[in-house]
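This is what each chain is made of:
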Amino acid sequence: MTKQSTPHHVAIVMDGNGRWASRRFLPRLAGHKQGVDSLKRCARACDARGIKVLTVFAFSSENWQRPQEEVSGLMDLFALALGREVSQLKADGVQLRFIGERQGLSTRVLKGIEQAEASTADNRKLVLNVCFNYGGRWDIVQAAERAAAQGLAMTEQNLSQMMALAHVPDPDLVIRTGGEQRISNFLLWQSAYSEFFFSDKLWPDFDEVALDQAIEAYTFRERRFGKVADQSDAASSPVGAN
Ligand code: IPE
Ligand code: IPE
Ligand code: MG
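An account of the accompanying structure is given in this report. Each chain has its residues counted from 1, running along the sequence as written. The naming scheme follows written order: chains are lettered A onward, ligands numbered 1 onward. Reporting of local features is limited, given that this is a predicted model, to residues whose pLDDT is at least 70; pairs of side-chain atoms are given and counted only at 80 or more, and all residues count toward the totals for whole chains, interfaces and linings. Only hydrogens and water are set aside; all other atoms, that is, all heavy atoms of the structure, feed into the side-chain values.

## Topic: the pattern of salt bridges
Keep this limit in mind: A pairing counts as a salt bridge when a side-chain nitrogen of Lys or Arg comes within 4 Å of a carboxyl oxygen of Asp or Glu. Relative accessibility thresholds used throughout: buried, under 20% of the residue-type maximum; exposed, over 50%; partly exposed, between the two (1.4 Å probe, protein chains only). Only DSSP runs of H or I covering at least 4 residues are called helices, and only runs of E covering at least 2 are called strands; the numbering of each starts at the N terminus.
Counting across every chain of the model gives 17 salt bridges. In this structure, the salt-bridge partner of Asp15 is Arg19, at a minimum N-O distance of 3.3 Å. For Asp15, a relative accessible area of 18% gives the class buried. A salt bridge links Glu195 to Arg223; the nearest nitrogen and oxygen atoms lie 3.9 Å apart. Of this pair, Glu195 sits in strand S6 (residues 195-198) while Arg223 sits in the loop between helix H7 (208-219) and helix H8 (229-232), placing them 28 residues apart in sequence. Here Glu195 and Arg223 have matching classes, each one buried.

Structure, rendered in structure tokens:
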């Protein structure tokens, strides 16, 4: 079996901010603030390791159901972080993309998103997809709606091209921090053949060492894509995958 090379695309469910804060007798929002720093560190580390695409789950379609105080705190933090971090990300060569339903977001958040995307659009070092107001089911439905509106046949290939992450290949490695072993409506379509790594570390504690452990585990996985081992030596993607 050949060892996998460094993953091209890593996706992360950044879970555990609330528990990180609770353990310190801090409000949950303090955990989310720490989570932003952890994301900055992680993006830098991914770039340094030759990862070209990082996709993170920042706010799910279902997270609106949290207490109103937490939801508005998260929205404020998101807008604030955008304002504060974009110039550095731009200088670092990061292309920012925001993936998710835009309807229902405040004008302030929308403006931040649009400015961040426009000002980093030419960057090519690392693509950072931030899934915000995102759900895997939403993504499949919006792709189907757009395909139908364009009169396209309902094929896997056509639908793939309409999915919100059509600008990047499918994730090689999906990491979830925080100890839960579930997908929570993240990349349902795109993770069909991803390798999964579950870390007990809470997201604010997920550092370079933890990232390296996940990458190391990935390199020893045998990806078969439905074939048998000696047939594939299985680094290639399945037929039809983008
Ligand atoms: C993940 O951390 C961030 C968001 C969902 C916005 P959580 O807020 O879910 O943290 P825990 O799981 O309660 O610890
Ligand atoms: C998933 O975490 C969503 C994000 C990390 C943004 P949740 O904390 O919302 O997931 P569940 O509720 O534990 O499944
Ligand atoms: Mg959680």
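## Things to note about the environment of Asp207
Inclusion rule: Polar contact criterion, stated in full: a pair of N or O atoms within 3.5 Å, where within protein one must be able to donate a hydrogen and the other to accept it, and residues adjacent in sequence count only if both atoms are side-chain atoms.
Position of Asp207 relative to the elements: it lies in the loop between S6 and H7. A residue is classified by how much of its surface remains accessible, and Asp207, at 24% relative accessible area, is partly exposed. Measuring from C-alpha to C-alpha, the distance between Asp207 and Arg23 comes to 18 Å, with 184 residues separating the pair along the chain. Among the polar contacts listed, one links the side chain of Asp207 to the backbone nitrogen of Ala210, at a separation of 3.0 Å.

## Section: the packing of aromatic side chains
Spelled out, the test is: Centres within 6.5 Å are what make two rings of Phe, Tyr or Trp a pair, Trp counting through its six-membered ring; a difference in plane orientation under 30 degrees is then read as stacked, over 60 as edge-to-face, and the rest as tilted.
Enumeration over the complete set of coordinates arrives at eleven aromatic pairs. Aromatic side chains Phe57 and Tyr134 sit 5.9 Å apart centroid to centroid with 85° between the ring planes, which places their arrangement in the edge-to-face category. Residue Phe57 is located in strand S2 (residues 53-60), and its partner Tyr134 is located in strand S4 (residues 126-134); the two are separated by 77 residues in the primary sequence. The same class applies to Phe57 and to Tyr134, which are both buried. Linked through ring pairs, Phe59, Trp64, Phe78, Phe98 and Phe132 together constitute an aromatic cluster.

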